[in-house]
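Report on the structure
What follows is the residue order along each chain.
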Amino acid sequence: MAQIVVGQSIDRVDAVAKVTGAAVYGVDVRFAGMLVGRVLRAGVAHARITRLDTSAAAKVPGVRAIVTGRDHPKLHGLIVKDQPALAVDRVRYEGEVVAAVAAEDDEAAQEALDRIVVEYEELPGVFDLREAMQPGAPLVHEDPAAYERSQSSSGFTYAVNAVAQSNVCFHFKLRRGDVDAGFAGSELVVEDTFSTPFIQYAHLEPHVAVALWDSGGTLTFWASTMGPHTLRSMLADLLDLPLSRVRVITNMVGGGYGSKMYLRAINPAAALLALRVPNRHVRIVFDREDEFLSCAGRLPTVTTIKTGVKKDGTLVARKATILWEKGAYVDIGPIITRNASYCSLGPYRLPNAWIDGYLVYTNRQPGGGFRGLGIPQVAWAGEQQMDRVARELGMDPLELRLRNIYQDGDITITGERLQNVGVRACLEGAAQRLGWERPFERRAPTGGLRGRGLACILKSTLTPTASFGIVKLNDDGSVDVLTSAVEHGQGAYTVLTQMVAEELSVPIEKIRCTTPDTSVTPYDRSSTSSRTTFHVGNVVRLASIDARTQLMEMAGAVMEVSTKDLELRDGQIFIRGVPDRSLPYGQVIVKFYGGPANIVGRGEFSTKALYDPMDTETGQSKRPTIFWMYSAHGIEVEVDPETGQVRVTRVVSASDAGKAINPLTCVQQIDGSAVMGLGMATMEEVVFDGGRTLNPTFLEYKVPTTLDVPDTETVIVESGHPEGPYGAKGIGESALASIPAAIGNAVYDAIGVQIKDLPIRAERVYRALRAGAQSP
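One structure accompanies this document, and this report is about it. As the structure is a prediction and not an experimental result, all values here were calculated from the model.

The subject of this paragraph is unusual backbone geometry. Along the chain, threonine 463 connects to proline 464 via a cis peptide bond; the corresponding omega equals 0°. Along the chain, proline 464 falls in the loop between β20 (449-459) and β21 (466-474). Following leucine 758, the chain continues to proline 759 via a peptide bond in cis, the omega torsion being -5°. With respect to the element layout, proline 759 can be found in the loop between α18 (739-751) and α19 (762-770). The phi dihedral of leucine 373 falls on the positive side, at around 45°, and the residue is not glycine.

With 155 residues, the main nonpolar core has Phe221, Ile635, Val637, Ile743 and Ile760 as its most contacted residues. In this structure, isoleucine 760 is in contact with Trp380, Val646, Ala681, Thr682, Ile743, Gly744, Val747, Ile755 and Val765, ignoring residues within four places of it in sequence. Ala492, Val495, Leu568 and Ile599 belong to the second largest nonpolar core, which has 40 residues in total.

All right, on to the sheet that holds strand β23 (residues 511-513) then. Taken together, four strands build an open sheet; the order of strands is β23-β22-β21-β27 and the sheet is mixed. Looking at the sheet topology across the chains shown, the edges are occupied by β23 and β27 (598-606). When the angles between neighbouring strand axes are averaged without regard to direction, this sheet yields 15°. Lying on the sheet, helix α13 (residues 492-504) is in contact with β21, β22 (479-482) and β23; it crosses β23 at an angle near 140°. Sitting on the sheet, helix α14 (residues 532-559) is in contact with β21, β22 and β27, with an inclination near 145° to β27.

Let us look at the environment of alanine 112. When you line up the elements, alanine 112 lands in helix α3 (residues 106-115). For alanine 112, a relative accessible area of 0% gives the class buried. Note: C-alpha distance between alanine 112 and alanine 102 (10 residues apart in sequence) is 9.0 Å. For alanine 112, the contacting residues outside a window of four places in its chain are Ala57, Val60, Val63 and Val101.

Before going further, it helps to spend a moment on the packing of helix α11 (residues 397-404) against helix α12 (residues 423-434). Contact geometry of α11 with α12 gives a least axis separation of 10 Å together with a crossing angle of 165°. The orientation of α11 relative to α12 falls into the category roughly antiparallel. Here α11 and α12 pass one another in a crossing that is left-handed. In contact with Leu398, Arg401 and Leu402 of α11, α12 contributes Arg424, Leu427, Glu428 and Ala431.

Going residue by residue along strand β24 (residues 566-569), you find Leu566 and Leu568 tucked away on one face and Glu567 and Arg569 left uncovered on the opposite face. Where β24 and strand β25 (residues 572-575) come together, four bridges link them in antiparallel fashion. Pairing of leucine 566 across the sheet is with isoleucine 575, part of β25. Counting the residues that bridge the hairpin from β24 to β25 gives two residues, and of these aspartate 570 lies at a positive phi of roughly 55°.

Turning our eyes to something else, we now look at the packing of aromatic side chains. The full count for this structure, using the stated rule, is 12 aromatic pairs. Considering the side-chain rings of phenylalanine 194 and tryptophan 380, the 6.5 Å spacing of their centres and the 80° angle between planes classify their relative orientation as edge-to-face. Separated by 186 residues along the polypeptide, phenylalanine 194 in strand β12 (residues 188-196) and tryptophan 380 in helix α10 (residues 375-393) bring together distant segments of the chain. Summarising the burial analysis for this pair, phenylalanine 194 and tryptophan 380 share the class buried. Their ring planes at 40° and their centres at 4.8 Å tell us that phenylalanine 534 and phenylalanine 627 sit as a pair that is tilted. Here phenylalanine 627 lies in the loop between β27 and β28 (629-639) and phenylalanine 534 lies in helix α14, a separation of 93 residues in the sequence. By relative accessible area, which is 1% here, phenylalanine 627 ends up buried. The structure contains a cluster of three or more aromatic residues connected by ring pairs, namely Phe172, Tyr342 and Trp628. Cation over ring: arginine 569 sits above phenylalanine 574, and NZ or CZ is 3.9 Å from the ring centre.

So, how was this worked out
- Residues numbered from 1 in each chain as written.
- Predicted model: local features only at pLDDT ≥ 70, side-chain atom pairs only at ≥ 80, totals over all residues.
- Heavy atoms only, no water.
- Helix = DSSP H or I, 4+ residues; strand = E, 2+ residues; numbered from the N terminus.
- Core = buried A, V, L, I, M, F, W, Y, C linked by side-chain atoms within 4.5 Å.
- Buried < 20%, exposed > 50% of the residue type's maximum accessible area, 1.4 Å probe, protein only.
- Contact = heavy atoms within 4.5 Å.
- Pairing = 2+ DSSP bridges.
- Axes fitted to C-alpha atoms, helices over the stretch in contact; angles between N-to-C directions.
- Parallel < 35°, antiparallel > 145°, perpendicular 65-115°, else oblique.
- Left-handed = near helix turned anticlockwise from the far one by under 90°.
- Phe/Tyr/Trp six-rings, centres within 6.5 Å; stacked < 30°, edge-to-face > 60°.
- Lys NZ or Arg CZ within 6 Å of the ring centre and 35° of its normal.

See below:
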């Protein structure tokens, strides 16, 4: 097999379609005679619905269906079934959907919404994370422990332990060693509290759903989703339908970052409307206000972290209490709370560790899984405190980290013995590229104060999960790859195509990855958690090997030689030592079967056998994740001491890819992550007045533009993973996670003031400078 494709920076296989506008996204799905769906938001944060009258709306010409929560009061949820499809008798956040309409056009749909009469009895709300945990706080849910558990869609086996008569809906605990003795034996102990705000996903393509309930009793659902099979399972459960009667079709997704998962508000509304109008397509597209008010975002946090060290910088003990604001419904919250909390103390050797993670209901829109799955929030706290420890010890921050950083053979705070650890190489690579050891000019030509900072993280992936796929070798030598991997900008189809080309020695242009269709493409949990390259990559590699084995056996029979004497090269089978005897793959298939046919290779990959469930009391597990992601960042900033304006001038990102299947795609993923981290650190925040969102559009909510992006440099570390395809693993999230903390450390390095609350806006820096808020 002469063709070497893995490890090469080939062009993306979908590049031409995307740049020419030929690529089909969810918003492009349209059908003749399609009805327009619209939703009515509550507009109040916490209230009982005392009256909901749709009679006037039903009389609007062109209106074909109206649904409310009382039409289908069954609850749903990924882990805990605490959420109605539409509000039934109570609303718990401002953007909660109380009704939905389907009409012949936009005008009729909007008029119908305007005519729906809803009256509320407003209830006391709870909007502050810490206040929500206090005894006597208004309860978002009276008895959360009574809700039904849902295991079929989540795969989450960890106990969900809601606290009675409380807004705490989940409590994660990790205990290792004796932290009290560790602190008592430390020569320096520091403690800080940090916070992060609610952040919007800000993906360009909004949520969109098209639903059709046909006369045969099947619901077909076209959705811009990152997990078509998971969405199918949740829809089937909500509607009491067998999986065979629910079909989810997904095209290209215009950005997701974790947002376009599960039912959310748009999907139940579209499905319920479609049930009312058989054989008519119903399409709902959220506008930007819908996205801000009714959809999820990054969970706000308050993290108190305490660290004890020896004078030589050896970490002795760390303790973290992390409050996670979930909003009105549990959704994926327990997974975020568990997985991010056990990573909160950083990639460091620690004999003594104590972590409490509390997931807390409030009367705001539910938070969701967001790129990095909570690691940016906890790293903002832990990695800034590492710099404080270094300062108080008079030690270089890089030296402190390297003294304690994980290496092969180390035991984590969960009890796992690590192998193939790339975090040290990431940290050293970022520092070297930044020029950490070189003299650094502290004054910018503009008069601004310059600083630089480092930070590093580790992140797990969703475990256990399973993936399946098919590689079909056609009788013309072309290949169809059937998986349920979703292409949402990360380059998944390019990477999967390279793996198939590597194993089958087929030209890239002859390979096509299909978009997901749950009636056609095999099961995959989701294209989230940086799992596609690792999980689906293993699947297509195994399926390609299966197809190759079948092809070789057929060729041996057709060419009357032993398979040991055959080799594949560029779509043809050759006999070793006889270069003039060869057959194209397609001819082998046709000759073997005596006519048109194909070869079907199958692959499956499950991580269950490798997973060790966590102990619910101690958080101990010898393998909580199938692979670890490692990343580090070096940052340079300039700060204007007169205005507080922070400008990030340089970003160096180092990430451990295991093996870079496509180095250029890795760089693109890493750079994109860095820009998202820049936004989180310096400008992004959904601003609330109680339960009301004050900046629900891009006019008021700021995201980085090309003018805000500094010089970026990338270091790809290849530590190799023994179970990954060709040693590869995911990198799509880790390169975001340490950016905010590295920027925070660089700001302190410039001005001697530590900012503990994100984002690092100019006015926050200005006030801290004027108040003389020096860090301890």
